[in-house]
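Here is how the chains run, residue by residue.
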Amino acid sequence: VSASSSSKSATKTTVDSSTVPSQMKAWMYDEYGGVDVLKFSSDVTVPSVEDDQVLVKVVAAALNPVDFKRRLGKFQATDSALPTVPGYDVAGVVVKVGKKVTGLKVGDEVYGDISEKALDGPKQSGSLAEYTAVEEKLLALKPKNLDFVQAASLPLAIETAYEGLERAGFSEGKSILVLNGAGGVGSLVIQLAKQVFGASKVAATSSTSKLELLKSLGADLAIDYTKEDFEQLPDKYDVVYDAIGQGEKAAKVVKEGGSVVVLTGAVTPPGFRFVVTSTGSTLTKLNPYLESGKVKAVIDKNGPFPFDRVKEAFSYLETSRATGKVVVYPV
Ligand code: NDP
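Procedures and definitions
Residues numbered from 1 in each chain as written. Predicted model: local features only at pLDDT ≥ 70, side-chain atom pairs only at ≥ 80, totals over all residues. Heavy atoms only, no water. pLDDT = per-residue confidence, 0-100. Contact = heavy atoms within 4.5 Å. Near = heavy atom within 4 Å. Helix = DSSP H or I, 4+ residues; strand = E, 2+ residues; numbered from the N terminus. Nonpolar A, V, L, I, M, F, W, Y, C, P; charged D, E, K, R; others polar. Pairing = 2+ DSSP bridges. Axes fitted to C-alpha atoms, helices over the stretch in contact; angles between N-to-C directions. Buried < 20%, exposed > 50% of the residue type's maximum accessible area, 1.4 Å probe, protein only. Phe/Tyr/Trp six-rings, centres within 6.5 Å; stacked < 30°, edge-to-face > 60°. Lys NZ or Arg CZ within 6 Å of the ring centre and 35° of its normal. Polar contact = N/O pair within 3.5 Å; in protein donor to acceptor, adjacent residues only side chain to side chain. Salt bridge = Lys/Arg side-chain N within 4 Å of Asp/Glu carboxyl O. Core = buried A, V, L, I, M, F, W, Y, C linked by side-chain atoms within 4.5 Å. Expected span 1.5 Å × (residues − 1).

Participant: What exactly am I supposed to notice about the confidence of the model for the protein here?
Facilitator: Note: predicted coordinates in regions of low pLDDT should not be interpreted at a detailed level. Per-residue pLDDT for the protein has a mean of 96; in total, 96% of the residues score no lower than 70. Considering only residues more than four positions removed or in separate chains, one finds that residues 4-9, a stretch of pLDDT under 50, has 11 contacts.

Next up, the structure:
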């Protein structure tokens, strides 16, 4: 389900791998704060490539809430040093490979979340740049049927969706309630629960205008949180996946012995919180579902935002109203 028109999407790209410059254009900040600390620079040093890394020419990048929470300084204690080039999600083309790289070669079209640990020492040189250096193990080959915009939209969100479902012990025949079904992560939790894990019932919450989207993604029940309080409904679920920060309410609608996955906010027993670990193997595992079209990228229709409009893209994401993913393209 791409809400964007295909004319806006990236279907073909040509990347010259023979000439990697020493400096590049990138967004960066050298102090924590709001959108205004973001600066566009034309002379950021292209990152060097470690033995286990490849250099990716970025074609498209996607934004995640962690980008702005990090920029606001919420993770200062474990953040890498400033200045920061933000950006976790990338889709692009390999233009250089490190000495120990065995599975990727120059010219490969790849996608991934470039920081293995989202909060613990994330990369100083992120994906909102012309080039980014990434460990081979964090990347996967781009599904052939997806364009770069669609591919860039997926890694952090789909890896979070998948890891949360696995940690919750989700499996065939179980029921799930997804709180925030229309956001970047929730739109993928709905699809993975239904298409990959074989859920018996998927319910999800959103505001009125997004209920149809939830159903199109596979939700059996779409709950309008502006009209109904899910806590007051009779149903209880094997798993509640909280992608909005309603941990206390979430814990009230889980079945005895069930699990509550909490991505943000307070955790109430039996809820548990985790922070996503980037791994290319999850993407490789899910590629068949993406290639068959069973699982689809959901791109917010206000984008993709061109590279020079990254501030606007962040301001929009920070309203908490984005549907699916906010993507930056072309970079
Ligand atoms: P998004 O910015 O994509 O979520 C936006 C969506 O939130 C909108 O579509 C909006 O729908 C919906 N929303 C807002 N308020 C409510 C509400 N009260 N009930 C239901 N839906 C609501 O966020 P992501 O999906 O990218 O991330 C979700 C959260 O998870 C963030 O806090 C993020 O930081 C966190 N996260 C944590 C990770 C981890 O590893 N722990 C990894 C990834 C994300 P509407 O307009 O209909 O309200």
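Participant: When you look at the site of the ligand in this model, what are you seeing that I'm missing?
Facilitator: Inspection of the region around the ligand gives 27 residues, with Lys69, Ser207, Lys210, Tyr225 and Ala322 positioned closest. Where the shell around the ligand is concerned, the elements lending two or more residues are α1 (65-71), α3 (155-167) and β9 (201-206). Here the shell around the ligand is composed, by residue class, of 13 nonpolar, 11 polar and 3 charged.

Participant: Looking at this structure, I do not really get the sheet that holds strand β12 (residues 254-262). What am I missing?
Facilitator: Each strand in a sheet pairs with its neighbour through backbone hydrogen bonds, running either in the same direction (parallel) or in the opposite one (antiparallel). An order of β10-β9-β8-β11-β12-β13 is seen for the 6 strands of this open sheet, with the pairing classed as parallel. In this open sheet, the two strands that pair with only one neighbour each are β10 (221-224) and β13 (271-273). Taking each pair of neighbouring strands and ignoring which way they run, the sheet shows an average axis angle of 20°. Bridge count between strand β8 (residues 175-179) and β9: 4 bridges; the pairing is parallel. Each bridged residue has a counterpart across the sheet, and for Ile176 the counterpart in β9 is Val202. Running at roughly 145° to strand β11 (residues 237-242), α3 makes contact with β8, β11, β12 and β13 of the sheet. Taken strand by strand, helix α4 (residues 186-196) contacts β8, β9 and β11, and its axis lies near 170° from that of β8.

Participant: I'm lost on the pairing of strand β6 (residues 131-135) in this one. Help?
Facilitator: For β6, the tally of buried residues reaches 5 of 5 residues, placing the bulk of the element in the interior. Neither face of β6 is open: one carries Tyr131, Ala133 and Glu135, the other Thr132 and Val134, and all of them are buried. Note: strand β3 (residues 53-62) against β6, 5 bridges, orientation antiparallel. Within β6, the position partnered with Leu55 by the bridge is Ala133.

Participant: What's the story with the packing of aromatic side chains in this structure? I'm lost.
Facilitator: The geometry of an aromatic ring pair comes down to the distance between the two centres and the angle between the two planes. Counted under the stated rule, the structure contains 6 aromatic pairs. Feature note: the residues Trp27, Phe40 and Phe307 constitute an aromatic cluster, connected by ring pairs. A cation sits over an aromatic face here: Lys57 above Tyr131, 5.9 Å from the ring centre. Positioned above the aromatic ring of Phe314, the side-chain terminus of Arg71 is 5.5 Å from the ring centre.

Participant: What is the right way to look at the side chain of Ser206 in this model?
Facilitator: In this fold, Ser206 is placed in strand β9. In contact with Ser206, other than residues within four places in its own chain, are Ala182, Leu211, Leu214, Ile223, Asp224 and Tyr225.

Participant: Just checking my understanding: could you explain the side chain of Asp79 for this structure?
Facilitator: Relative to the assigned elements, Asp79 resides in the loop between α1 and β4 (89-97). At 2.9 Å, the side chain of Asp79 forms a polar contact with the side chain of Tyr32. At a separation of 2.9 Å, a polar atom in the side chain of Asp79 contacts the side chain of Arg70. Filtering out sequence-adjacent residues up to four positions away, Asp79 remains in contact with Tyr32, Arg70, Leu119 and Pro122.

Participant: What should I look at first to understand the pattern of salt bridges in this one?
Facilitator: When their charged atoms lie close together, side chains carrying opposite charge are able to pair. Evaluated as defined, the whole model comprises 17 salt bridges. Measuring nitrogen to oxygen at the nearest pair gives 3.0 Å for the salt bridge that ties Arg71 to Glu318. Placement of the pair is Arg71 in helix α1 and Glu318 in the loop between α8 (310-317) and β14 (327-328), with a sequence separation of 247 residues. What makes Arg71 buried here is its relative accessible area of 1%. Linking Asp229 and Lys249 is a salt bridge whose minimum nitrogen-to-oxygen distance equals 3.2 Å.

Participant: Got a minute to help me understand the nonpolar core in this structure?
Facilitator: Burial of nonpolar side chains together is a common tendency in soluble globular proteins. Of all hydrophobic cores here, the largest spans 60 residues; its most connected members are Ile158, Ile176, Leu192 and Tyr241. With 6 residues, α3 is the single largest residue contributor to this core. Dropping the residues within four chain positions of it, Ile158 is found in contact with Leu188, Leu192, Leu283, Leu286, Leu290 and Val295. The next biggest cluster of nonpolar side chains, apart from the first, holds 31 residues, and it includes Tyr29, Leu38, Val101 and Phe307.

Participant: Please clarify how α3 should be interpreted in this entry.
Facilitator: Helical geometry: 3.6 residues make up each α-helical turn, so side chains three or four residues apart lie on a common side. Taking 1.5 Å of rise per residue, 13 residues should cover 18 Å, and α3 covers 18 Å from first to last C-alpha, within 8% of that figure. Of all the 13 residues making up α3, 11 are buried; the element is thus mostly covered by neighbouring parts of the structure. Along α3, the residues that are buried comprise Pro155, Leu156, Ala157, Ile158, Glu159, Thr160, Ala161, Tyr162, Glu163, Gly164 and Leu165. Two residues or fewer after α3 comes Gly169, characterised by a positive phi angle close to 70°.

Participant: Hey, could you run me through unusual backbone geometry in this one?
Facilitator: Glycine aside, the phi torsion of most residues is negative, and most peptide linkages are trans. For the peptide bond that leads from Gly303 to Pro304, omega is -5°, which places it in the cis range. Among the structural elements, Pro304 can be located in the loop between α7 (280-291) and α8.

Participant: How should α4 be read in this particular structure?
Facilitator: Within α4, 8 of the 11 residues are buried, which leaves it mostly tucked inside the rest of the structure. Among all positions in α4, only Gly186, Ser187, Leu188, Val189, Ile190, Gln191, Leu192 and Ala193 are buried. Each element contacted by the buried residues of α4 is listed here: α3, β8, β9, α5 (211-216), β11 and α7. Positive backbone phi, approximately 75°, marks Gly198, located one or two places after α4.

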